[in-house]
Amino acid sequence: MNSTLKQLLPPILAPLVGLALWTLIVRVFSIPSYLLPSPQSVLTSISTSYPTLLYHASITFAEALAGFVLCIIVGILFSISFQLWPITRQSLYPYLVATRIAPIIAVAPFLLLWLGNGFFAKAATAAVVSTFFIVINLTKGFDEVSNGARELLRSLSATRFQILMKLQIPNSVPYFFSGIKAALATSIAGAVAAEFISSNSGLGHLILSNYYYFRTAEMFGALLVLIAGGVLIFGAISMIERIFFSHYSMRRES
Amino acid sequence: MIRLDDVTKTYHGVRSTVALRGIDLEIAEGEFLSIVGSSGCGKSTLLKIIGGLIAPTSGSRTISPHTKEGSFAFVFQDPILMRWRTARENVRLPLEIQGSVSQKEAGITSVFENLGLGGFENSYPSELSGGMQQRVGIARALISEPTTLLLDEPFASLDEITRERLNDELLQLWKSGATTVQNVVFVTHNIDEAVFLSDRVVILSGRPGEIQEVLTIDLPRERTAEIRYSEEFNSLRRKIRSMML
Ligand SMILES: Nc1ncnc2c1ncn2[C@@H]1O[C@H](COP(=O)(O)OP(=O)(O)O)[C@@H](O)[C@H]1O
Ligand SMILES: [Mg+2]
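Just so it is clear, the structure is predicted and the values come from calculations on it, not from any experiment.

Rules and cut-offs
Residues numbered from 1 in each chain as written. Chains lettered and ligands numbered in written order. Predicted model: local features only at pLDDT ≥ 70, side-chain atom pairs only at ≥ 80, totals over all residues. Heavy atoms only, no water. Helix = DSSP H or I, 4+ residues; strand = E, 2+ residues; numbered from the N terminus. Rg over C-alpha atoms; globule rule 2.2 N^0.38 Å. Buried < 20%, exposed > 50% of the residue type's maximum accessible area, 1.4 Å probe, protein only. Areas by Shrake-Rupley, 256 points an atom, 1.4 Å probe, with all protein chains shown as cover. Lys, Arg positive; Asp, Glu negative; His and termini not counted. Charge placed at Lys NZ, Arg CZ, Asp CG, Glu CD. Phe/Tyr/Trp six-rings, centres within 6.5 Å; stacked < 30°, edge-to-face > 60°. Lys NZ or Arg CZ within 6 Å of the ring centre and 35° of its normal. Contact = heavy atoms within 4.5 Å. Buried area = accessible area lost by both parts, 1.4 Å probe. Salt bridge = Lys/Arg side-chain N within 4 Å of Asp/Glu carboxyl O. Pairing = 2+ DSSP bridges. Axes fitted to C-alpha atoms, helices over the stretch in contact; angles between N-to-C directions. Polar contact = N/O pair within 3.5 Å; in protein donor to acceptor, adjacent residues only side chain to side chain. Near = heavy atom within 4 Å. Nonpolar A, V, L, I, M, F, W, Y, C, P; charged D, E, K, R; others polar.

A.B. asks: Looking at this structure, how should I read the overall build of chain B?
C.D. replies: Within chain B, the regular secondary structure consists of 8 helices and 9 strands. By the compact-globule yardstick of 18 Å for 245 residues, chain B fits well, its C-alpha radius of gyration being 18 Å. Based on the C-alpha atoms only, the size of chain B along its principal axes is roughly 45 × 45 × 35 Å. Within chain B, the proportion of its 245 residues that are buried is 54%. In the form shown here, chain B has an accessible surface area of approximately 10500 Å², with 49% of it arising from carbon and sulfur atoms. For chain B, the distance from the average position of its 27 positive side-chain charges to the average position of its 32 negative side-chain charges is 5 Å.

See below:
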């Protein structure tokens, strides 16, 4: 009990200390609020405009999550095809990295151009920049089964498909979770980037439109909601992994 | 009956390795055969060829119709259990792959009993000791009802006491008729183990692996733990050791 308290204290205290410092700096140096609003004014802005914030948040997270689900489906299909038909892997895998190198903000205009600047284009931007992480991690999990385990399955006359189902897919579960955690972050980034370029709703739109009017407290509010939503989803994923998939983990539980 | 005639195996890698050369070997029905030799002399390769897991580069492998293909089961040094499966689910794996879960699932319980694994059905591999893990590995080999059991240094990473106990149990199980196993081919670099278990011991010399000697172990088939301290046992052990030099 005492030791868990000791473990919990630093992460709870750190932001409080940070907020105190922030307040102090704003007061002492009399920083104008359009540059750096005090934590209090950020909180006030959030509490007065939370219906608006929630509305825009629901749009952004719907886009991000649609892209996230899409990238998981597409990523799984690609990864499995890479295993079953090596020719697809040889021809496509090297170019996957290109989707990661291309900056999101530079890719989004093309997607908006082709898909219209609605919901689907934003989800697509989120998916395009995130698929990489699913494929890279799943492929690693599929590849990193021991030679011994492969040999065992061959000695049982398992088919290529059975090796995938009974060995490679279960083995890749922890890699898959690493992949979707990374993909979640880029899905949110992709959705916001697309909103920056063209939209009239969403948290990205909210940040940018407030920026033009120097409403910095409102910008902070939108950013905090964006972070809080992302952290919440991230936590939910971690919890699902720990509760339902603990035996797939590489850690040896004692 | 399994017969190898003039079997050669060459691995083609960055450098070619001749792992086996000129192997002639016949394994009779109902025989317990051990293969001993120093590390890297081709024991595992020979076992895999006997079991049909890899094909010889040249030479031939013949099995009598009685010892039909597909009735070989392997046990490896590392038990290779799947961490996400319980002991019972690991043993069920061969049945799932062969599509015979519904016919043979009931057999899992008796295999667990035979191997002293009762009560561990729902344990995960990480919760089992090395000895228990290897018992699960043996149970998994037995569940598909093989006629030939092929073991590749199965007890090499276990302590002396556990190894001897498992040797005793393996012998009991094989003789008891509780399983379908007729032949056992047992790879080891432990001479005691080979003498204690076998009807015959094949001594491989290394690089390239060739059969140096095949020694018949003319101890009574009733092998008790005390036999390890007998004069005959010791002289056989000394004989093999001298050949392995
Ligand atoms: N898959 C492989 N590819 C290339 N060389 C191999 C392979 N497997 C074994 N060898 C080589 O063949 C020789 C015999 O190996 P192995 O049969 O594993 O010996 P042992 O089981 O007696 O230790 C060794 O020199 C080893 O390096
Ligand atoms: Mg070996």
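Having seen it, we continue.
A.B. asks: Sorry if this is basic, but what is going on with the packing of aromatic side chains here?
C.D. replies: Here a ring pair, both rings aromatic, is described through the centre-centre distance and the interplanar angle of the planes. Counted by the stated rule, this structure contains 15 aromatic pairs over all chains. Aromatic pair Phe82 of chain A and Tyr93 of chain A: ring centres 5.8 Å apart, planes at 75°, arrangement edge-to-face. You can see Phe82 of chain A sitting in helix α3 (residues 50–84) and its partner Tyr93 of chain A sitting in helix α4 (residues 86–101), a full 11 residues away along the chain. Looking at Tyr93 of chain A, the relative accessible area reads 26%, which means it is partly exposed. Put simply, the rings of Phe176, Phe177, Phe245 and Tyr248 of chain A together with Trp84 of chain B pair up and form one aromatic cluster. Here the basic side chain of Arg89 of chain A rests over the ring of Tyr93 of chain A, its NZ or CZ set 5.4 Å away from the ring centre.

A.B. asks: Please clarify how the interface of chain A and chain B should be interpreted in this entry.
C.D. replies: It is common to give the size of an interface as the accessible area lost on bringing the parts into contact. Opposite the 22 residues of chain A that make contact, chain B presents 18 residues. Across the chain A/chain B interface, buried area totals approximately 1900 Å², and carbon plus sulfur atoms make up 62% of it. It is Leu152, Lys166 and His247 of chain A that lose the most area in chain A upon contact with chain B, and together they represent 32% of the buried surface on that side. Summed over the shared surface of chain A and chain B, the number is 2 salt bridges.

A.B. asks: What am I meant to see in the sheet that holds strand β1 (residues 2–12) of chain B here?
C.D. replies: To summarise the sheet geometry, strands pair through backbone hydrogen bonds and adopt either a parallel or an antiparallel arrangement. All names here are of chain B. Spatial strand order, β2-β1-β4: 3 strands in an open sheet with antiparallel pairing. Edge strands, defined here as strands with exactly one partner in the open sheet, are β2 (16–27) and β4 (58–63). This sheet shows a mean twist of 25° between the axes of neighbouring strands, independent of strand direction. Packed onto the sheet, helix α1 (residues 43–50) meets β1, β2 and β4 and runs at close to 125° relative to β1.

A.B. asks: Got a minute to help me understand unusual backbone geometry in this structure?
C.D. replies: For residues besides glycine, phi is generally negative; the peptide bonds are generally trans as well. Within the chain, Phe214 of chain A stands out as a residue other than glycine whose phi angle is a positive 55°. Mapped onto the fold, Phe214 of chain A is located in the loop between α10 (203–212) and α11 (216–244). Owing to a relative accessible area of 57%, Phe214 of chain A belongs among the exposed residues under this scheme. Even without being glycine, Ile80 of chain B reaches a positive phi, approximately 50°. Residue position: Ile80 of chain B is located in the loop between β5 (72–75) and α2 (87–98). Residue classification places Ile80 of chain B among the buried positions, given a relative accessible area of 10%.

A.B. asks: How should I be thinking about the pattern of salt bridges in this particular structure?
C.D. replies: Between side chains of opposite charge, a pair can form as their charged atoms come close. For the coordinates displayed, the defined rule picks out 19 salt bridges over all chains. Ionic pairing is found between Glu231 of chain B and Arg238 of chain B, a salt bridge with its closest N-O pair at 4.0 Å. Linked through salt bridges whose partners overlap, the residues forming this network are Lys166 of chain A together with Arg85, Arg88, Arg92, Glu96 and Glu105 of chain B.

A.B. asks: What is the right way to read the environment of Glu121 of chain B from this model?
C.D. replies: Residue and element names in this part refer to chain B. Locating Glu121 in the fold gives a position in the loop between α4 (107–114) and α5 (130–143). For Glu121, a relative accessible area of 15% puts it in the buried group. Along the primary structure Glu121 and Glu89 are separated by 32 residues, whereas in three dimensions their C-alpha atoms are 8.1 Å apart. The residues touching Glu121, leaving out its near neighbours within four places in the chain, are Thr86, Ala87, Arg88 and Phe112. Within the structure, Glu121 has its side chain in polar contact with the backbone nitrogen of Gly119 (distance 3.0 Å).

A.B. asks: Mind showing me how you'd approach the side chain of Thr216 of chain A here?
C.D. replies: Residues and elements named next belong to chain A. Residue placement: Thr216 occurs in helix α11. Taking relative accessible area as the criterion, Thr216 reaches 11% and is therefore assigned buried. If near-sequence neighbours (up to four positions away) are discounted, Thr216 is found in contact with Ser33, Tyr34, Leu35 and Pro37.

A.B. asks: Just to check I follow, could you spell out the site of ligand 1 for this structure?
C.D. replies: Residue and element names in this part refer to chain B. All residues adjacent to ligand 1 are Tyr11, Thr17, Ala19, Ser38, Ser39, Gly40, Cys41, Gly42, Lys43, Ser44, Thr45 and Arg207. Within the contact set of ligand 1, an oxygen atom lies 2.7 Å away from a backbone nitrogen or oxygen of Gly40. Between an oxygen atom of ligand 1 and a side-chain N or O atom of Ser44, the distance comes to 2.7 Å. Burial of ligand 1 by the surrounding chains reaches 63%, relative to a free accessible area of 560 Å². At the level of secondary structure, the elements contributing two or more residues to the shell around ligand 1 comprise β2 and α1. With 3 residues, the top contributor of residues to the shell around ligand 1 is α1. A per-class count over the shell around ligand 1 returns 3 nonpolar, 7 polar and 2 charged.

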